[in-house]
Amino acid sequence: EKSGRVLLAGDWPQWRGPARSGVSGETGLLRSWSGDAPQLAWHARGLGTGYASVVVSDGLVFTIGSHEKDLFCFAHESATGRRRWVRKIGTTGRIPCSTPTVDGDRVYVTGATGRIFHLSAETGEVIWEKDTVAEYDTSIPVWAHPAFANRHVVLRNDEEIIRVSMDRNDYE
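Right, let's walk through the structure included here.

1. Considering the overall build of the chain
So, point 1. Along its length, the chain carries one helix and eleven strands.
So, point 2. Its helices and strands taken in sequence order, the chain reads β-β-β-β-β-β-β-β-α-β-β-β from the N to the C terminus.
So, point 3. Residues classed as buried in the chain amount to 38% of the 172 residues present.
So, point 4. A fraction of 44% describes how many contacts in the chain between residues 6 or more apart in sequence connect residues 24 or more apart.

2. Thoughts on a nonpolar patch on the surface
So, point 1. A contiguous nonpolar surface patch, about 330 Å² in accessible area, is contributed by Y51, I95 and W143.
So, point 2. Position of W143 relative to the elements: it lies in the loop between α1 (132–136) and β9 (147–149).
So, point 3. Given a relative accessible area of 38%, W143 falls into the partly exposed group.

3. Quick look at unusual backbone geometry
So, point 1. A positive phi is found at R16, a non-glycine position, where the angle reads about 70°.
So, point 2. With phi around 55°, E68 is a residue other than glycine that occupies positive phi space.
So, point 3. One can find E68 in the loop between β2 (60–67) and β3 (70–77).

4. So, the sheet that holds β2
Sheet strands pair by backbone hydrogen bonding; their relative direction is either parallel or antiparallel.
So, point 1. Strand order in the open sheet formed by four strands is β1-β2-β3-β4, with antiparallel pairing between adjacent strands. Only two strands of the sheet have a single partner each, and these edge strands are β1 (55–57) and β4 (83–91). Pairwise comparison of adjacent strand axes, ignoring direction, gives a mean angle of 25° for this sheet.
So, point 2. Pairing analysis gives three bridges linking β1 to β2, with the strands arranged antiparallel. Counted as the bridge partner of S57 is L60 from β2.

5. Concerning the nonpolar core
So, point 1. Membership of the largest hydrophobic core comes to 15 residues, with the highest contact counts inside it found for F62, C73, W85, I89, V107, V109 and L119.
So, point 2. Broken down by secondary-structure element, the contributors of at least two residues to this core are β2, β3, β4, β6 (106–110) and β7 (115–120).
So, point 3. Leave out the neighbours within four places in its chain, and L119 touches C73, W85, R87, D105, R106, V107, V109, G124, E125, V126 and I127.
So, point 4. Counting residues in each nonpolar core, the second largest holds six residues, with Y108, W128, A144 and L155 among its members.

6. Points about the pattern of salt bridges
So, point 1. With the rule as written, the count across this model stands at nine salt bridges.
So, point 2. Put simply, E77 and R82 hold a salt bridge, and the shortest N to O gap is 2.5 Å.
So, point 3. A residue is classified by how much of its surface remains accessible, and E77, at 15% relative accessible area, is buried.
So, point 4. Overall, R82 belongs to the partly exposed group, its relative accessible area being 48%.

7. Topic: the packing of aromatic side chains
So, point 1. As enumerated under the stated definition, the model contains three aromatic pairs in all.
So, point 2. Where Y108 meets W128, the ring centres are 6.2 Å apart and the plane angle is 55°; that geometry is what we call tilted. Taken together, the residues span a long stretch of sequence, with Y108 in strand β6 and W128 in strand β8 (residues 126–131) at a distance of 20 residues. Comparing Y108 with W128, the two get one shared label, buried.
So, point 3. Its end group placed over the ring of W15, R16 keeps NZ or CZ at 5.7 Å from the ring centre.

Calculation notes
Residues numbered from 1 in each chain as written. Predicted model: local features only at pLDDT ≥ 70, side-chain atom pairs only at ≥ 80, totals over all residues. Heavy atoms only, no water. Helix = DSSP H or I, 4+ residues; strand = E, 2+ residues; numbered from the N terminus. Buried < 20%, exposed > 50% of the residue type's maximum accessible area, 1.4 Å probe, protein only. Contact = heavy atoms within 4.5 Å. Patch = residues over 30% accessible without salt bridge, like charges linked within 9 Å, V, L, I, M, F, W, Y side chains within 5 Å. Areas by Shrake-Rupley, 256 points an atom, 1.4 Å probe, with all protein chains shown as cover. Salt bridge = Lys/Arg side-chain N within 4 Å of Asp/Glu carboxyl O. Pairing = 2+ DSSP bridges. Axes fitted to C-alpha atoms, helices over the stretch in contact; angles between N-to-C directions. Core = buried A, V, L, I, M, F, W, Y, C linked by side-chain atoms within 4.5 Å. Phe/Tyr/Trp six-rings, centres within 6.5 Å; stacked < 30°, edge-to-face > 60°. Lys NZ or Arg CZ within 6 Å of the ring centre and 35° of its normal.

Take a look at the structure:
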């Protein structure tokens with residue numbers, strides 16, 4: 001008999017998971033399927049191109065992708081796959097490689113433009129944005145997955161190994 005309930009894994013709110021270790025705390029996972037494998041619940045189309053991972057938090061799935069030269073952040077409902085919102089976060093010819101980071105009702109995302117956005121997780125509304133390249137005279141981050149240190153959002157540019165941090169709640 002098949003169960004009608006949806007099993008939700010724990011939140012995976014940032015690149016490489018809750019502790020950025022790449023290790024899941026889930027238990028009881030099967031090493032192989034005996035009998036019928038579970039059916040695919042849903043899949044998303046129209047996310048564009050890029051190398052971003054997906055993150056999951058509080059029933060929503062987030063990622064970024066590019067269409068032509070435009071970069072977008074996407075939010076989908078994890079139970080149904082229904083798109084909740086999409087937000088344009090820049091224009092560039094570079095392929096997006098960073099993964100969004102979720103902190104409660106906030107999403108922090110940067111693409112291949114050097115801009116970081118603080119978005120509402122629920123609506124995609126821009127709370128604040130910052131041009132790290134112009135303000136800190138850095139190169140454009142390639143693999144800059146936003147991280148947290150106390151009250152600060154931290155970006156690390158893999159090419160220059162520099163760190164830029166700002167208050168994650170308010171930015172003036």
